[in-house]
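Observations on the model geometry
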Amino acid sequence: MLTSPLVSPLVCPQAHEPLQVASPEQVVQVNQGIEAGTLTTPSGAVVRDPIESGWINSAGTRLYPVRDGLPILLVSESIEVLLSE
């Protein structure tokens, strides 16, 4: 999990609100949805690659994945989710 103070001010590029690091439980939940083929990007493309971590908007409806240690903060690459805490 990313804990550096340099990444704490990440904000959603769409809503311009602070993002929070996904909990390990939320990462498992997202990866289960990816494996089941039920999660999509905003354009409707099915997400196929599992995530190692992610950043979630405050509503818990959009996740920006972390891949190869880098947060992918592109709305087009975000994953539409409905996450529980």
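In what follows, the accompanying structure is described. Note that this is a predicted model, so its numbers are computed, not measured. (Residues numbered from 1 in each chain as written. Predicted model: local features only at pLDDT ≥ 70, side-chain atom pairs only at ≥ 80, totals over all residues. Heavy atoms only, no water.)

Digging into the nonpolar core
Formally: Here, nonpolar core means buried Ala, Val, Leu, Ile, Met, Phe, Trp, Tyr and Cys residues that are tied together by side-chain atoms lying within 4.5 Å of each other. Under the scheme applied here, a residue whose accessible area is under 20% of the maximum for its type counts as buried, over 50% as exposed, and between as partly exposed, the area being computed with a 1.4 Å probe on protein chains only. Counting from the N terminus, the helices are DSSP H or I runs at least four residues long and the strands are E runs at least two residues long. Residue contacts are defined here by distance: any two heavy atoms, one from each residue, within 4.5 Å place the two residues in contact.
Membership of the largest hydrophobic core is limited to 12 residues, which are Ala 22, Val 27, Val 30, Ile 34, Leu 39, Val 47, Ile 51, Ile 56, Leu 63, Ile 79, Val 81 and Leu 83. Residue contributions to this core peak at three residues, all from helix α1 (residues 24-36). Apart from residues no more than four positions distant in its own chain, Leu 83 is found in contact with Gln 26, Gln 29, Val 30, Ile 56, Gly 60 and Leu 63. By size, the runner-up hydrophobic cluster in this structure holds six residues, among which are Leu 10, Cys 12, Leu 19 and Tyr 64.

Describing unusual backbone geometry
Phi at His 16 is positive, roughly 60 degrees, even though this residue is not glycine. Take His 16: it is sitting in the segment before β1 (20-21). A positive phi is found at Asp 68, a non-glycine position, where the angle reads about 55 degrees. In this fold, Asp 68 is placed in the loop between β3 (62-67) and β4 (70-71).

Observations regarding the pairing of strand β2 (residues 53-56)
Heads up, the rule is: Between any two strands, at least two bridges found by DSSP are needed for them to pair.
Neither face of β2 is left uncovered, since the one carrying Ser 53 and Trp 55 and the one carrying Gly 54 and Ile 56 both have all their residues buried. Across two bridges, β1 lies against β2 in antiparallel orientation. In the strand pairing of β2, Val 21 is matched with Trp 55. With four bridges joining them, β2 and β3 adopt antiparallel strand pairing. The partner of Ser 53 across the bridge, within β3, is Val 66. Taking the residues between adjacent antiparallel strands as the criterion, β2 and β3 are bridged by five residues, where Gly 60 takes a positive phi near 75 degrees.

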